[in-house]
Amino acid sequence: MGKALIIGCGGVASVAIHKCCQNSEAFEEICIASRTKSKCDALKAKLDGGKTKITTAQVDANKVEELVALIEKFRPDVVLNLALPYQDLTIMDACLATKTHYVDTANYEPEDTAKFEYKWQWAYRERYEKAGITALLGSGFDPGVTGVFSAYALKHHFDEINYIDILDCNAGDHGYPFATNFNPEINIREVSAKGSYWEDGKWVETEPMEIKRVYNFPEIGPKDMYLLHHEELESLGINIPGIRRIRFFMTFGQSYLTHLKCLENVGMTSIEPIEFEGKKIVPLQFLKAVLPDPASLGPRTKGKTNIGCIFKGKKDGKDKTYYLYNVCDHQECYKEVGSQAISYTTGVPAMIGAMLVMNGTWKGPGVKNIEEFDPDPFMDALNKWGLPWKESFHPEMVDE
Ligand code: NDP
């Protein structure tokens, strides 16, 4: 039994909070704190009446002193950061000042440079070790479950993993010509950046969407997918011994890509502030304001997601391939928690990571990526809390 402070009350947080309330045996009490308190209050009103006690608070997570005051008042066992990647460091600072465990789902990204990497958060390692607290980085699906899958494959199926392909397929259709399934600003920054993959100890860079493959996804069928840079490549490249290459592919439909290209061409995806009618605005933030709110896609989105990892390596001296994946249905998620599958597949692992750190199943002071912990309790919890995984020992490979 424990207390969690959840920061942010958007798409992912809403699912994680529903799941904490379903899991009241672990989450005795939660405080939902975000920039817009009315959203926290609305969610509390929806979920009140169960066994988990819910309180709400207003907080600006860019301000360490506000976070410290809130943590000191609520005294949580863990802080679950489901705000935006820009707030990671201030929330980590507040956890350090109050000696409280920290969990997030996305690595820090400075607002002005669209470059996400772990170096800023890894720089806290020694301070977290000294304080005797744990920071669990990247407890969503990708990063998150993909790291747990990698640790599980290594523990149970391989002596050595040499190749990992992470495949993220969203075959959901929301009926809009263009919309993003999670925060549009974060999503567009990610997909309009150069691609890269990790090979033989170094990064190989590609132009955005330069590498395309078609993959026949179980329970979905063939889809176009494109190689992207993705944050878990950085930590898995270090934490999986014997690795030679890791790549990340995500599916995109033609309509999405055509719209994105057009928006890019006219400058709407830029993060450079421009002067507009005497005021400075960031084009991408303006675009976010006119696009559908990802939270509103829930009732409209039909179809499934399939996210997983294909491993190739050696077991007992022989070559071996193995595919671990989860299939999630948008409409089923909506029926259960009122959100589509993208928020669901991130919110469930966020709850599980917070639970395992909070109840001490995963312990060890320092700043850790998810694949550094024993994957088994997480894999069991995925089956229990709505993201059952499937495995295949003879998967279709990406390059065959
Ligand atoms: P949303 O935009 O829906 O929600 C973000 C929330 O954070 C909002 O409630 C927002 O408040 C709040 N927030 C923003 N700035 C502040 C601030 N300064 N202080 C307090 N609260 C703030 O995003 P999502 O729910 O889609 O995404 C949440 C996180 O999950 C992101 O970091 C995203 O990168 C990550 N993610 C990870 C995935 C994975 O698989 N690992 C997949 C998808 C997302 P307000 O309501 O006022 O705007």
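Definitions and limits used
Residues numbered from 1 in each chain as written. Predicted model: local features only at pLDDT ≥ 70, side-chain atom pairs only at ≥ 80, totals over all residues. Heavy atoms only, no water. Helix = DSSP H or I, 4+ residues; strand = E, 2+ residues; numbered from the N terminus. Contact = heavy atoms within 4.5 Å. Polar contact = N/O pair within 3.5 Å; in protein donor to acceptor, adjacent residues only side chain to side chain. Pairing = 2+ DSSP bridges. Axes fitted to C-alpha atoms, helices over the stretch in contact; angles between N-to-C directions. Near = heavy atom within 4 Å. Areas by Shrake-Rupley, 256 points an atom, 1.4 Å probe, with all protein chains shown as cover. Nonpolar A, V, L, I, M, F, W, Y, C, P; charged D, E, K, R; others polar.

### A word on unusual backbone geometry
Working step 1: Omega for the bond connecting Asp142 with Pro143 falls within 30 degrees of zero, at 10 degrees, which places this linkage in the cis form.
Working step 2: Position of Pro143 among the secondary structure elements: in the loop between strand S6 (134–137) and helix H7 (145–156).
Working step 3: Positioned with a positive phi, Lys99 is a non-glycine residue whose angle comes to about 55 degrees.
Working step 4: Among the secondary structure elements, Lys99 is positioned in the loop between helix H4 (88–98) and strand S5 (101–104).

### A word on the environment of Asp104
Working step 1: Checked against the element boundaries, Asp104 lands in strand S5.
Working step 2: It is 15 Å that separates the C-alpha atoms of Asp104 and Ile32, two residues lying 72 residues apart in sequence.
Working step 3: Not counting the four nearest positions on each side in its chain, Asp104 is found in contact with Asn81, Asp88, Gln121, Leu136, Leu137, Gly138 and Ser139.
Working step 4: Within the structure, Asp104 has its side chain in polar contact with the backbone nitrogen of Gly138 (distance 2.8 Å).

### Overview of the sheet that holds S6
Working step 1: Taken in spatial order, the seven strands of this open sheet run S3-S2-S1-S4-S5-S6-S17, and their pairing is parallel. Taken across any chain shown, the strands that pair with only one partner, and hence form the sheet edges, are strand S3 (53–58) and strand S17 (366–369). Direction aside, the axes of adjacent strands within the sheet are offset by 20 degrees on average.
Working step 2: Where strand S2 (residues 27–34) and S3 come together, six bridges link them in parallel fashion. By the bridge assignment for S3, Ile30 is matched with Ile54.
Working step 3: Where helix H1 (residues 11–22) meets the sheet, it contacts strand S1 (2–7), S2, S3 and strand S4 (78–81), and its direction lies at approximately 160 degrees from that of S2.

### A look at the pairing of strand S10 (residues 212–217)
Along any regular strand, the residues point their side chains to alternate faces of the sheet.
Working step 1: Summarising the sheet, S10 and strand S11 (residues 221–227) pair through six bridges and their orientation is antiparallel. Its bridge partner lying in S11, Val214 is registered against Asp224.
Working step 2: The antiparallel hairpin formed by S10 and S11 contains three residues in its connecting segment, where Glu219 sits at a positive phi of about 70 degrees.

### Focus: the site of the ligand
Working step 1: Lining the immediate surroundings of the ligand are 28 residues, of which Arg35, Thr36, Lys39, Ala61 and Asn183 lie closest.
Working step 2: Separating an oxygen atom of the ligand from a backbone N or O atom of Val12 is a distance of 2.8 Å.
Working step 3: A distance of 3.2 Å separates a nitrogen atom of the ligand from a polar atom in the side chain of Asp60.
Working step 4: Computed on the free molecule, the ligand has an accessible area of 930 Å², of which 91% lies beneath the protein chains in the complex.
Working step 5: Its residues assigned to classes, the shell around the ligand comprises 13 nonpolar, 11 polar and four charged.

These figures come from the coordinates and say nothing about function on their own.
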